[in-house]
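Report on the structure
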Amino acid sequence: MTDPAAASAPVVRRAVLDDGPALGELDRATWSTLHAVQPRPQPPYEPFFDERHLPQDMLVAEAANEAGVRVVAGYIRVVPPTPLACNAHVRQIQGLAVAAWARGRGVGRALVRAGCLAARGEGASRMTLRVLGHNTPARALYEAEGFTVEGVLPGEFFLNGRYVDDVMMGRPLTP
């Protein structure tokens, strides 16, 4: 007998080039000033993967959709924050998106955990990220996964007619 909860649990894997169209669609569908500082993407759309955004920097979560078909439900981008050797022990989350239909099903949590595990596997001992101050759901997820606020740039961005803080968070990647 198959456990329905296990069958619907997200599965996280490394992205491949063929994921580009689905990830681009997900990125556009989830765009919001809750987390984005860039303008809303407009057609013609740029490819999701380019020389700065490589498949090997992304983890993809797949989960069963409403029809029971396992599809792309989210992604996380984890990269070194700088090319400096003295900073090689750090990885940074520079993108996390979860499809609206998959929210509240553990996809974001699975991606953050998998990102931390992958970073540890690459020898990193620290993970950082930046999140907009008004993005309460993301901040709650990161805090639940051990991230703490390490700095705030007050009013760093002007979005939707108001100033928004840029919040820096981090955590050690100890086992």
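Placed above this text is the structure.
About the criteria used
- Residues numbered from 1 in each chain as written.
- Predicted model: local features only at pLDDT ≥ 70, side-chain atom pairs only at ≥ 80, totals over all residues.
- Heavy atoms only, no water.
- Axes fitted to C-alpha atoms, helices over the stretch in contact; angles between N-to-C directions.
- Helix = DSSP H or I, 4+ residues; strand = E, 2+ residues; numbered from the N terminus.
- Parallel < 35°, antiparallel > 145°, perpendicular 65-115°, else oblique.
- Left-handed = near helix turned anticlockwise from the far one by under 90°.
- Contact = heavy atoms within 4.5 Å.
- Nonpolar A, V, L, I, M, F, W, Y, C, P; charged D, E, K, R; others polar.
- Pairing = 2+ DSSP bridges.

**A few points about the packing of helix 3 (residues 107-121) against helix 4 (residues 136-144)**
Orientation of helix 3 relative to helix 4, taken along the N-to-C sense of each, is 50 degrees, at an axis distance of 10 Å. Here helix 3 lies oblique to helix 4, going by the angle between them. As for how helix 3 packs across helix 4, the hand of that crossing is right-handed. On the side of helix 3, the interface is formed by Gly108, Arg109 and Val112, while helix 4 contributes Leu141, Tyr142 and Ala144. Its residues assigned to classes, the contact of helix 3 with helix 4 shows 4 nonpolar, 1 polar and 1 charged.

**Description of the sheet that holds strand 7 (residues 162-172)**
With respect to topology, 7 strands assemble into an open sheet ordered 1-2-3-4-5-7-6, the strand pairing being mixed. Single-partner strands in this sheet number two, and they are strand 1 (11-14) and strand 6 (148-159). Strand-to-strand twist of the sheet, defined as the mean angle between neighbouring strand axes without regard to direction, takes the value 25 degrees. Across 7 bridges, the pairing between strand 5 (residues 126-132) and strand 7 is antiparallel.

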